[in-house]
Amino acid sequence: MSNRKLLHLSRRQVIRGLLATTAFGITARFGTGCSSAEGGGGATDQVTMGFIYVGPKDDYGYNQAHAEGAAGVVESFDWVKIVEEASVPETTAVEESMRSMIDIDGATVLFPTSFGYFDPHILKLAEEYPDVQFFHCGGLYQEGTHPVNVASYFGYIDEAQYIAGIVAAHTSKTGKLGFIGAKPIPQVLRNINSFTLGARSVKPEVTTQAIFTGDWALPVKEAEAANSMADQGIDVLTCHVDSPKVVMETAEKRGIFSSGYHADQTALAPKGYLTGAEWDWTSVYSKIAEDIHAGKNLMDGSIPHILRGGLAEGFWKLSEYGPAVSEQAKQDAEAAKAAFMDGSMVIYNGEIKDNTGAVVVEASQSLKQQDPVLEQMNYLVEGVIGSVAS
Amino acid sequence: MATEALGWWGVPLAIAAGMMRGGTPFLFVSLGECLTEKSGKINLGLEGTLLMGAMSAYAISYLTGSPWLGVIAAGLAGVIFGLIHGWLSQQPRVNDVAVGIAMIIFGSGIAFFLGKPFIQPSAPQLATINLGAWSSLPPVQSALQISPLFLLGVAIAPLMHWFFQSTRWGLFIRAVGDSPEAARAMGVSIFKVRMLSVVAGSFLAGIGGASLSLYYPGLWSERVSSGQGLMAVALVIFAHWNPIQCLWASLLFGGAQALGPALQSVGIEQGYYLFNAAPYVLTLLIMIITCSPKRTLSGAPGALGTDT
C-alpha cells in the first residue's frame, strides 16, 4: 500500500507532464528542422551520408567492410558528415532508421547496406522522399520498375573468389573444398561458382561441397556446417555469411585450411588461412561522395543507377597469402590477378554446364563480368555438390 | 588432417557431437528454469541472462586470459539478473511473465551495449577433455572433445532431481511452488525461497552463456544465442519439470541443430529449412502424443504463474 501512495500522481500533475513532454517534443522537432534548413543553404557544401548495417560494425565481415569504407570517406573529405546505425534488422525498423536519418540528421544520401533492406523498405521510402538518394548494396535494382532516386552498387568480388579457388585447389590434399553459404541467392551462387571454376581451372577433378545455413548470421549452424564438412574430408573452407569468424576459427581448430571473405581474417586462423576475398568500399564510397559534391545526382541520371566494378575499378582486394600457400599457387594466382586487372579474364566462358548436366553457358558465349545475365544466376556449376532448391 | 571421408557415418556422428556441443546451453538454461519454476515463479528473462553470461564470460576471459574466471563472471552476471528478477517479480500485483519479457530486452540490450568492444578480439577458450584419443579418426577425436561444462551440466541434472526428491530444502521449494499457503503454515518464507531459486536458476543460465561464448560456437556476437534461451524455457514444460528429462530434452535439441548441416554435407541438398525446423516439429509431436484431455500437465507446480 505504501508503494501506491509513493507513486500517486494527481490528474493535474499527469496532464501537466503530458503537456510539457509534447511541448518539448514539438520545439525539439522545430529546432532540428530549422537548423538543418539553415545548414542546407549551400546543399553541395556539406554532404551528409547515412549508413545502415544489419549487424555490428566490427564483426570481421560484411558490416565491418562497409563501416571501414564509410570511415575511409570521412578521413579523405572534410565536407562529408556520416551518420551510422548498426544492428538494424531487415524489418520496418530500417524504415524508421532511414526516416530519422533524413528528418533529424538531414541525410541526403543513404546507404542501407543489407540485401533485405531493398524490397519493400527502400522502395517505400524512395517514393516518400524523392529528393533523397538511396544506394543499395546488391543487385536488385531494375531500370524502369524501381524509383529513379534508387541505385544499386556491387563489386565483382567473385573475381577474388576465383583466385581463392586457384589457391585452394593447389593447397587441398583431398581435392574437396567446402563453401558455407547463407541463402541460395545470385550473389552467393556466383561466389560458389567462381570459386569452383577457379579451382577446376588448375585441377579439373576438384569438387566443392556447398552448404546453406538459411540465414546471414547463425553462429551455431555455421559451426555445425564447418564441423560436418571437416568430417567429410573437406580440407579447405570458405564461406559467404555475414561474419566468417566462426567458420575461420572452426576450420583452424579442426586443422584444415580456410579462405576468407568480406574482410581480412588472417588473425583468426594464423596457420590455415590461405587468402581471402576482401571488399574495398572506401574507393567506391569516395567516388560517390565526390560525384554528389560536384552536384551530380541519380534523378537526372548523371550518376549511373547501376554501379559495378572489379579489381580494375578498386572494388576488391586479396588478403595476404598465408604460410601454407605454395610458390606455384602464388604464381597462378598472381597471373589470374593480372588478367583481371587488364580485363582479359572472362570467368564465365562457354561451355559451362551446371551440376545437373544442363548447359548454362553456351560454347559460343563469353559472359563478361558486366553481363546482367550473371546477376540472375540460379544454378551451381559442374563440380559443386549441392542444390539451389531450398 | 582428415584424409578419408566418413560418408553417411558423418550424420550420426554430427548429431552425437551436436548433442554434447550444442546441447550444453540448453541444458544449463533449462535446469535453471526448472529450479525457478519449481518454486512457482517463471523467469522468461533467461534469454537475456544467457546473452549477458555469454558476453561477460567472453569479456572476462579476454581481459584476464583465464576462461574459468570468465565462467565465474558469467555466473555472477546471472546472479545479478536473478536478484533483479526475483525482487521485481515478487512485488504486489507484478506479473512475472511481464517482468521476464522486460528482462529479455534489458539483458540483451546491456549485453549488446557492453559487448561492442569484444566482438572482434579472440578470447582464450575453455580447455576441452579429449575422450577420443582411442580413435584414429580425426572426426571422432574432434567429436569427443567434450567441454567440462557439459559434464558439469550432466552431473547437475541427477543431483537436482535428488535435491528435489530427498532433501529438506528441496521440499521447501516444492512446497512453495505447489502450495504457498501450506509452506507459510510450515514457517517457510516464500519470498526468500523464491528469491534463492530465481537467483540460483539465473546463475546456471549465466554459466550456459559461458558455454556458448567459451566453448561452442566459441565467440561473442549479438546473434550467438538466437533464441536458445527462450527455447530452453519452453523445454522445461516439455520435460514436465523433471531435471532428468531436461537433460534428455536438451540433448535432443542440441543434436537436432546439427541435423540440417550434416545432411547437406552428405548430399541431401533439399529441404534444409525443414530440417532446421525439425526440433520444433518434434516438440509439437511429443506434446500431442503425451497430452491428455483428462488432466493438466503432470508435474506442473500448483502455484506456477499465479499471483500468490
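Let me begin by describing the structure that accompanies this report. (Residues numbered from 1 in each chain as written. Chains lettered and ligands numbered in written order. Predicted model: local features only at pLDDT ≥ 70, side-chain atom pairs only at ≥ 80, totals over all residues. Heavy atoms only, no water.)

## Describing the pattern of salt bridges
Residues and elements named next belong to chain A.
So, step 1. Scanning the model with the defined rule gives 13 salt bridges over all chains in all.
So, step 2. Asp 158 is paired through a salt bridge with Arg 190; the nearest N and O atoms lie 3.2 Å apart. Taken together, the residues Asp 158 in helix H6 (residues 158–171) and Arg 190 in helix H7 (residues 186–202) connect sequence positions 32 residues apart.
So, step 3. A relative accessible area of 2% places Asp 158 in the buried class.
So, step 4. The partner of Arg 308 in a salt bridge is Glu 375, with the nearest N and O atoms 2.7 Å apart. Of this pair, Arg 308 sits in strand S11 (residues 306–309) while Glu 375 sits in the loop between strand S16 (366–367) and strand S17 (384–385), and the two are 67 residues apart along the sequence. (Salt bridge = Lys/Arg side-chain N within 4 Å of Asp/Glu carboxyl O. Helix = DSSP H or I, 4+ residues; strand = E, 2+ residues; numbered from the N terminus. Buried < 20%, exposed > 50% of the residue type's maximum accessible area, 1.4 Å probe, protein only.)

## Focus: the sheet that holds strand S8 (residues 236–240) of chain A
Residue and element names in this part refer to chain A.
So, step 1. The strand order S12-S10-S9-S8-S6-S7-S17 describes an open sheet built from seven strands, whose pairing is mixed. Both edges of this open sheet fall to strand S12 (316–318) and S17, since each of them pairs with a single strand only.
So, step 2. Note that strand S9 (residues 257–262) and strand S10 (residues 273–279) share four bridges and pair parallel. Looking at the pairing, Gly 260 lines up with Gly 276 of S10. (Pairing = 2+ DSSP bridges.)

## A short note on the state of the cysteines
So, step 1. Inspection of every chain in the model, using the stated rule, returns zero disulfides over all chains.
So, step 2. Among the cysteines around Cys 239 of chain A, which has no disulfide bond, Cys 137 of chain A carries the closest sulfur, lying 16 Å off.
So, step 3. Just so you know, Cys 246 of chain B is unpaired, no disulfide at all, and the nearest cysteine sulfur is the one on Cys 34 of chain B, 4.4 Å from it. (Disulfide = S-S within 2.5 Å.)

## Some points on the sheet that holds strand S5 (residues 150–155) of chain A
All names here are of chain A.
So, step 1. The parallel open sheet is built from six strands, whose spatial order is S2-S1-S3-S4-S5-S11. The open sheet has two edge strands with one neighbour each: strand S2 (80–85) and S11. Averaged over neighbouring strand pairs, the angle between their axes works out to 20° when direction is ignored.
So, step 2. Seen against the sheet, helix H4 (residues 92–103) touches strand S1 (47–52), S2, strand S3 (109–112) and strand S4 (133–137) and runs at an angle of roughly 165° to S1. (Axes fitted to C-alpha atoms, helices over the stretch in contact; angles between N-to-C directions. Contact = heavy atoms within 4.5 Å.)

## A short note on helix H4 (residues 96–115) of chain B
All names here are of chain B.
So, step 1. Compared with an ideal rise of 1.5 Å per residue, which puts 20 residues at 28 Å, H4 spans 27 Å between its outermost C-alpha atoms and is within 8% of the ideal.
So, step 2. All of the buried residues along H4 are Asp 96, Val 99, Gly 100, Met 103, Ile 104, Gly 107, Ser 108, Ala 111 and Gly 115. The buried residues of H4 occupy an angular sector of 160° when the element is viewed end-on, so they sit on one face. The outward face of H4, more than 90 degrees from its buried face, is lined by the exposed residues Ile 105 and Phe 113.
So, step 3. In the core, the buried residues of H4 are packed alongside helix H2 (46–64), helix H3 (67–88) and helix H10 (228–238).
So, step 4. The opening residue of H4, the one whose side-chain oxygen lies 2.7 Å from the backbone nitrogen of Val 97, is Asn 95. (Expected span 1.5 Å × (residues − 1). Arc of directions from axis to C-beta. Polar contact = N/O pair within 3.5 Å; in protein donor to acceptor, adjacent residues only side chain to side chain.)

## What to know about the interface of chain A and chain B
So, step 1. The partner chain B presents 47 residues to the 46 residues of chain A that form the contact.
So, step 2. Where chain A abuts chain B, roughly 3,800 Å² becomes buried across the two surfaces, and 51% of that area is made up of carbon and sulfur atoms.
So, step 3. Per-residue buried area on chain A facing chain B is highest for Val 220, Glu 224 and Gln 232 of chain A; these three make up 16% of the total on that side.
So, step 4. Along the contact surface separating chain A from chain B lie one salt bridge.
So, step 5. Ionic pairing is found between Glu 224 of chain A and Arg 21 of chain B, a salt bridge with its closest N-O pair at 3.0 Å.
So, step 6. Of all the secondary-structure elements, those providing two or more residues to the side of chain A that touches chain B are helix H1 (2–7), strand S7 (207–212), helix H8 (219–231) and helix H9 (245–253) of chain A.
So, step 7. A total of 10 residues in the side of chain A that touches chain B trace back to one element, the largest contributor, which is H8 of chain A.
So, step 8. Partitioned by chemical class, the residues of the side of chain A that touches chain B number 18 nonpolar, 15 polar and 13 charged. (Buried area = accessible area lost by both parts, 1.4 Å probe. Nonpolar A, V, L, I, M, F, W, Y, C, P; charged D, E, K, R; others polar.)

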